[in-house]
Amino acid sequence: MSSEQRAPYANSAAEADEAPSATTPAKIRTHHLAQAKAEGRRFSMLTAYDTLMAEVFDEAGVETLLVGDSAANNVMGHATTLPITLDEMIVFAKSVVSGAKRALVVVDLPFGSYEASVEQAVTTGVRLMKESGVHAVKLEGGAYYADHVRALTAAGVPVIGHIGFTPQSEHALGGYRVQGRGDAAQALIEDALALEAAGAFCVLMEMVPAAAAARVDEALSVPTIGIGAGNATTGQVLVWQDLLGLRRGRLPRFVKQYADLRSVVHDAVTAYRSDVASGAFPDTEHSF
Ligand SMILES: Nc1nc(=O)c2c([nH]1)NC[C@@H]1CN(c3ccc(C(=O)N[C@@H](CCC(=O)O)C(=O)O)cc3)CN21
Ligand SMILES: CC(C)C(=O)C(=O)O
Ligand SMILES: [Mg+2]
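Presented here is an overview of the structure given in this document.

Here is what the cut-offs are and how they apply
- Residues numbered from 1 in each chain as written.
- Chains lettered and ligands numbered in written order.
- Predicted model: local features only at pLDDT ≥ 70, side-chain atom pairs only at ≥ 80, totals over all residues.
- Heavy atoms only, no water.
- Helix = DSSP H or I, 4+ residues; strand = E, 2+ residues; numbered from the N terminus.
- Rg over C-alpha atoms; globule rule 2.2 N^0.38 Å.
- Buried < 20%, exposed > 50% of the residue type's maximum accessible area, 1.4 Å probe, protein only.
- Contact = heavy atoms within 4.5 Å.
- Areas by Shrake-Rupley, 256 points an atom, 1.4 Å probe, with all protein chains shown as cover.
- Lys, Arg positive; Asp, Glu negative; His and termini not counted.
- Charge placed at Lys NZ, Arg CZ, Asp CG, Glu CD.
- Near = heavy atom within 4 Å.
- Polar contact = N/O pair within 3.5 Å; in protein donor to acceptor, adjacent residues only side chain to side chain.
- Nonpolar A, V, L, I, M, F, W, Y, C, P; charged D, E, K, R; others polar.
- Pairing = 2+ DSSP bridges.
- Axes fitted to C-alpha atoms, helices over the stretch in contact; angles between N-to-C directions.
- Donors = N, O, S within 2.8 Å, 3.2 Å for Na, K, Ca; no water.

When you go through the protein chain residue by residue, the secondary structure sums to 13 helices and eight strands. The C-alpha atoms of the protein chain give a radius of gyration of 20 Å, which matches the 19 Å a tight globule of 288 residues would have. Taken over the C-alpha atoms alone, the protein chain extends approximately 65 × 45 × 40 Å along its principal axes. Per-residue burial over the protein chain gives 45% buried out of 288 residues. Restricting the contact set of the protein chain to residue pairs at least 6 apart, pairs at least 24 apart contribute 61%. Element-wise, carbon and sulfur atoms account for 55% of the exposed surface of the protein chain, whose accessible area totals about 14100 Å². Considering the protein chain, the positive charge centre built from 23 side chains and the negative charge centre built from 33 side chains are found 2 Å apart.

Spelled out as structure tokens, the structure:
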């Protein structure tokens, strides 16, 4: 059966527009994401790095928030995700947890904080949960990290496995490239199955052909999340500054821009500066 015929996820129009209500869970937990897949419903994930944006996304009904190591690029101004540290991730994670009432909050294990050993991964995962209050972690890698995932899960740290294009391995992969084309689709499926067998409650795929992602979703019992992975994954994720048009420059093909925050902010700040220069602000209404 082809992925086109399968149409595994079919939220009704009414369901798709539904805001969180009394009938939806007060707190999204990992089993609610499993339930979404079982019932053929899609869910959303969005990155968040601070309290107020986390509040807005949570109020809009976004089911899961990702404290991505993409904070390295989108908050700290680094060229890649590689330099961000565990201590820095904890600051962002705490901020997001403070703003999220309902959403499941997931944090990325940053580059260098889990690869060396199973022990290092558990120490890092436990520290993130203890110090920031996140509900789950995500790590980049497939079958090679199955033992890490098994140990984290056993320690009470729910894990999302991230496969396909894994930005922390940009230099090993030879740049920002689609993964899992042609024969490589089989390896992608095997990585996903190994992560699931090790206890991952979800598998995220970045920049893989839609047909390959559909095969992975079909092969797995656990839900999947896609970014540049087509429409047959259980959930979708985007970086919020991409979704809302805050970031300058050419956007990856997988981004759909839903707002133009950069010009909204630019125009507002320009008006403020002009009012300060002219003396129009502050007026008596804004003075004591
Ligand atoms: N703002 C932002 N958005 C992201 O999606 C993101 C980050 N930052 N930082 C960490 C990683 C890096 N990611 C990226 C960034 C750029 C492309 C990109 O330019 N892709 C091109 C080339 C694809 C190809 O040639 O195969 C594209 O057109 O999609 C992909 C993934 C995803 N993550
Ligand atoms: C792009 C998403 C999946 C991510 O890992 C991040 O934002 O760090
Ligand atoms: Mg990441």
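For the rest of this paragraph, the subject is the site of ligand 1. Near ligand 1 there are 18 residues, and of these Asn73, Asn74, Glu206, Asp242 and Arg253 occur at the shortest range. Interatomic distance of 2.6 Å between a side-chain N/O atom of Asp242 and a nitrogen atom of ligand 1. With respect to ligand 1, the side chain of Arg250 contributes an N or O atom lying 3.5 Å from an oxygen atom. When isolated, ligand 1 has an accessible area of 660 Å², and the protein chains bury 79% of it. Of the residues belonging to the shell around ligand 1, the class tally is eight nonpolar, four polar and six charged.

Here we have eight strands rolled up into a closed barrel, ordered β1-β2-β3-β4-β5-β6-β7-β8, and parallel in their pairing. Ignoring which end each strand starts from, the neighbouring axes of this sheet average 25 degrees apart. Where strand β2 (residues 64-67) lies against strand β3 (residues 104-108), four bridges are found, and the strand directions are parallel. Paired with Leu65 across the bridge in β3 is Val105. Helix α10 (residues 184-197) contacts β5 (159-164) and β6 (202-206) of the sheet and is inclined by roughly 170 degrees relative to β5.

Moving on, we come to the coordination of the magnesium ion (ligand 3). Here the magnesium ion (ligand 3) is held by the protein donor atoms Asp69 (OD) and Asp108 (OD), which lie 2.2 Å from it. Of this pair, Asp69 sits in the loop between β2 and α5 (71-74) while Asp108 sits in strand β3, placing them 39 residues apart in sequence. The residues Asp69 and Asp108 share a single accessibility class, namely buried.

Moving on to the site of ligand 2. Ligand 2 sits among Thr47, Leu66, Gly68, Asp69, Ser70, Asp108, Lys138, His162, Leu204, Glu206, Ile227 and Val239. Contact distances for ligand 2 include 2.5 Å between an oxygen atom and a side-chain N or O atom of Ser70. At 2.8 Å, a side-chain N or O of Lys138 approaches an oxygen atom of ligand 2. When ligand 2 sits alone it has 260 Å² of accessible area, and the protein chains cover 95% of it. Its residues placed into classes, the shell around ligand 2 shows four nonpolar, four polar and four charged.

What is shown is where atoms sit, not what they do.
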